[in-house]
Amino acid sequence: MDRRALIGLAALSTALVAEAAEASGKSEGGGAPANAYIPLPTATATILRRDGRRGVMTVEVGVDVADTALRTRADQSKPRLSAAFNEVVRLAGERLLPGAPPDVEWLSRVLQAATDRVLGRAGAKLLLGTVMVV
């Protein structure tokens with residue numbers, strides 16, 4: 001096998017991968033960029049179940065940031081966002097009556113306020129995934 005052809009093929013494939021990654025970062029149709037979504041770790045809290053035993057409340061969260069400067073700040077603030085979200089979910093777990101469903105509307109309002117507070121300004125949209133009590 002010709003090693004020079006193999007080296008040339010490796011360089012070509014690297015260039016194609018870089019070009020594809022650059023193209024996927026651009027949006028089509030003037031909407032938000034493809035990498036505007038920032039996933040965050042699942043926030044959890046301990047709750048009291050109806051039978052008196054301990055349970056767990058989990059909330060899947062993410063942030064959608066269209067502004068490039070704010071997205072950079074949100075990327076850098078992931079640990080602070082995660083800590084703020086865990087604190088809000090802990091408060092929601094304390095408020096939760098045994099056997100009652102969580103108040104998702106209150107949770108989303110307070111999580112959005114925490115997002116704006118951590119990032120320093122509005123512009124990031126909080127996205128809720130699954131809110132589960134086990």
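Starting from 1, residues in each chain are numbered consecutively following that chain's sequence as written. Side-chain atom pairs in this predicted model are given and counted only at pLDDT of 80 or more, local residue features only at pLDDT of at least 70, and totals for whole chains, interfaces and linings cover all residues. The basis for every side-chain value is the complete set of heavy atoms in the structure, and neither hydrogens nor water enter the calculation.

Asker: What am I meant to see in the overall build of the protein chain here?
Answerer: Summing up its helical and strand segments, the protein chain has four helices and four strands in all. What counts as a helix is a DSSP run of H or I of at least four residues, what counts as a strand is a run of E of at least two, and both are numbered from the N terminus. What you see in the protein chain, going N to C, is helices and strands ordered as α-β-β-β-α-α-α-β. Here the protein chain, with 134 residues, has 27% of them falling under the buried criterion. Sequence separation of 24 or more characterises 66% of the internal contacts of the protein chain that already satisfy a separation of 6 or more. A total of about 8,700 Å² of accessible surface is found on the protein chain, and carbon and sulfur atoms cover 57% of it. For every residue, the accessible area (1.4 Å probe, protein chains only) is compared with the maximum for its type, and the residue is labelled buried under 20%, exposed over 50%, or partly exposed between those bounds. Any two residues whose heavy atoms approach within 4.5 Å are treated as being in contact. All accessible-area figures derive from a Shrake-Rupley calculation using a 1.4 Å probe, and residue coverage is judged against the displayed protein chains alone.

Asker: Hey, could you run me through the packing of aromatic side chains in this one?
Answerer: Any aromatic ring pair is given by two values, namely how distant the centres are and how the planes are angled relative to each other. In this analysis, rings of Phe, Tyr and Trp, with Trp reduced to its six-membered ring, are considered paired at centre separations within 6.5 Å, and the interplanar angle assigns stacked below 30 degrees, edge-to-face beyond 60, and tilted for intermediate values. Summed over all chains, the structure comprises zero aromatic pairs. Its end group placed over the ring of Trp106, Arg95 keeps NZ or CZ at 4.1 Å from the ring centre. Put simply, a charge is over a ring when the Lys NZ or the Arg CZ is close to the ring centre, within 6 Å, and near the line of the ring normal, within 35 degrees.

Asker: In this structure, what is going on with the nonpolar core? I would like to understand it.
Answerer: The nonpolar side chains of a soluble globular protein tend to be buried with one another. Ranked by internal contacts, the top residues of the largest apolar core, which has 27 residues, are Phe85, Leu107 and Leu111. Elements supplying a minimum of two residues to this core: β2 (43-48), β3 (54-65), α2 (68-76), α3 (78-95), α4 (104-119) and β4 (124-133). For this analysis, a nonpolar core means a set of buried residues of the types Ala, Val, Leu, Ile, Met, Phe, Trp, Tyr and Cys, connected via side-chain atoms within 4.5 Å.

Asker: Just to check I follow, could you spell out the packing of α3 against α4 for this structure?
Answerer: Helix packing for two helices is described by the angle between their axes and how far apart those axes are. The convention used is that axes are lines fitted to C-alpha atoms, helices contributing only their stretch in contact, and that angles between N-to-C directions extend from 0 to 180 degrees. The N-to-C vectors of α3 and α4 enclose an angle of 150°; their axes lie 10 Å apart at closest approach. In terms of orientation, α3 lies roughly antiparallel with respect to α4. Along this stretch, α3 crosses α4, giving a crossing that reads as right-handed. Contact residues: Arg80, Leu81, Ala84, Phe85, Val88, Val89, Leu91, Ala92 and Arg95 in α3; Trp106, Leu107, Val110, Leu111, Ala114, Thr115, Arg117, Val118 and Leu119 in α4. Polar here means any residue outside two lists: the nonpolar Ala, Val, Leu, Ile, Met, Phe, Trp, Tyr, Cys and Pro, and the charged Asp, Glu, Lys and Arg; Gly therefore counts as polar. Split into classes, the residues belonging to the contact of α3 with α4 amount to 14 nonpolar, one polar and three charged. Orientation is classified from the angle alone, with under 35 degrees giving roughly parallel, over 145 giving roughly antiparallel, 65 to 115 giving roughly perpendicular, and any other angle giving oblique. Crossing handedness follows the turn of the near helix against the far one: under a right angle anticlockwise gives a left-handed crossing, and clockwise gives a right-handed one.

Asker: Help me understand the pattern of salt bridges in this model?
Answerer: Side-chain pairs of opposite charge can arise whenever the charged atoms involved come near each other. The rule for a salt bridge is simple: a side-chain nitrogen of Lys or Arg has to be within 4 Å of a carboxyl oxygen of Asp or Glu. Scanning the model with the defined rule gives six salt bridges in all. Measuring nitrogen to oxygen at the nearest pair gives 3.7 Å for the salt bridge that ties Asp51 to Arg49. The partly exposed category is assigned to Arg49, whose relative accessible area is 28%. Between Arg90 and Glu87 there is a salt bridge whose closest N-O contact spans 2.4 Å. Of this pair, Arg90 and Glu87 both sit in helix α3, three residues apart, roughly one helical turn. Judged by its relative accessible area of 34%, Arg90 falls in the partly exposed class. Since its relative accessible area comes to 37%, Glu87 is described here as partly exposed.

Asker: Got a minute to help me understand α2 in this structure?
Answerer: In an α-helix, one turn spans 3.6 residues, which is why side chains three or four residues apart end up on the same side. Every buried residue belonging to α2 is among Leu70, Arg71 and Ala74, and all of these are buried. For α2, the arc enclosing every buried residue in end-on projection is 105°, short of the 170-degree limit, so these residues lie on one face. Pointing more than 90 degrees away from the buried face of α2 are the exposed residues Ala69 and Gln76. Packed against the buried residues of α2 are β1 (37-39), β3, α3, α4 and β4. In this context, the arc is that of the directions from the helix axis out to the C-beta atoms.

Asker: In this structure, what is going on with the confidence of the model for the protein chain? I would like to understand it.
Answerer: Caution applies to low-pLDDT regions: their predicted coordinates should not be interpreted in detail. The share of residues in the protein chain with pLDDT of 70 or more is 75%, and the mean pLDDT across the chain is 84. In the model of the protein chain, helix α1 (residues 3-25) stands out as the element of lowest mean pLDDT, 52, in contrast to α4, which has the highest, 97. For every residue, the predictor states its confidence as a pLDDT score lying anywhere from 0 to 100.

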